Amino acid sequence: MALEVATRYELFPAQPRSAALARDRVRALLADWGLDDLAETTELVTAELISNAVKVSEPGGRVGLGVYRSGGAVVVEVWDGERLPPRLLDPGPDDIGGRGLMLVGVLTRRWGYRWPVTGGKVVYAVVDAAM
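Residues numbered from 1 in each chain as written. Predicted model: local features only at pLDDT ≥ 70, side-chain atom pairs only at ≥ 80, totals over all residues. Heavy atoms only, no water.

Participant: Which residues make up the pairing of strand β3 (residues 73-80), and what values go with them?
Facilitator: Across the eight residues of β3, seven count as buried, placing the element largely inside the fold. As judged from the seven bridges shared by strand β2 (residues 62-70) and β3, these two strands associate in the antiparallel manner. Considered in β3, the bridge of Val-67 is made with Val-76. Between β2 and β3, which pair antiparallel and follow one another directly, the connecting turn spans two residues, one of which, Gly-71, has a positive phi of 60°. Relative to strand β5 (residues 121-128), β3 runs antiparallel, the two being bridged by eight bridges. What sits directly across from Trp-79, in β5, is Val-122. (Buried < 20%, exposed > 50% of the residue type's maximum accessible area, 1.4 Å probe, protein only. Helix = DSSP H or I, 4+ residues; strand = E, 2+ residues; numbered from the N terminus. Pairing = 2+ DSSP bridges.)

Participant: I'd love a proper account of the environment of Pro-85, names of residues and values included.
Facilitator: Relative to the elements of secondary structure, Pro-85 occurs in the loop between β3 and α3 (100-107). Among the residues examined, Pro-85 registers a relative accessible area of 32% and is labelled partly exposed. Along the backbone, Pro-85 and Tyr-113 are 28 residues apart, and their C-alpha atoms lie at a distance of 7.1 Å. Beyond its immediate sequence surroundings of up to four residues, Pro-85 is in contact with Tyr-113, Trp-115 and Lys-121. (Contact = heavy atoms within 4.5 Å.)

Participant: Before we move on, could you go through the sheet that holds β5 and cite the residues and values that matter?
Facilitator: Adjacent strands of a sheet pair through backbone hydrogen bonds, lying either parallel or antiparallel. Within the open sheet, the five strands sit side by side as β1-β2-β3-β5-β4. Their pairing is antiparallel. Each edge of the open sheet carries a strand with a single partner, namely β1 (8-13) and β4 (110-114). Across the sheet, the mean angle separating the axes of adjacent strands is 20° when strand polarity is ignored. The strands that helix α1 (residues 18-32) touches are β1, β2 and β3; relative to β1, the one it contacts most, it runs at about 160°. Packing of helix α2 (residues 39-56) onto the sheet brings it into contact with β2, β3 and β5, and relative to β3 it is tilted by some 10°. (Axes fitted to C-alpha atoms, helices over the stretch in contact; angles between N-to-C directions.)

What follows is the structure, given as structure tokens:
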């Protein structure tokens, strides 16, 4: 896939409110790109990934959000300082949480993670215009 638009990257405090801030940034960016039809899905995916990053981050730490277009898709990348990979859970019907990555898997073409040489991990998800 060819990269169409430079990556937009931003750091947020590792606090629960950062999920809402990241959703707002993604919504505005998609509007600038004329991709409003992807906003709802991309915002939800972003919120899930940021929330997971915040949960594993040290108090006072930061999480990062990168968003770019590639082909007909939008790629969301979220960085945190933890080296452990994300865990896809198998929650029971009465469990309150644990479904975030399952939801990301349903809403995206694919998702995964990588370990940048600078430390931590990046969890990414590819939101396809055809999804």
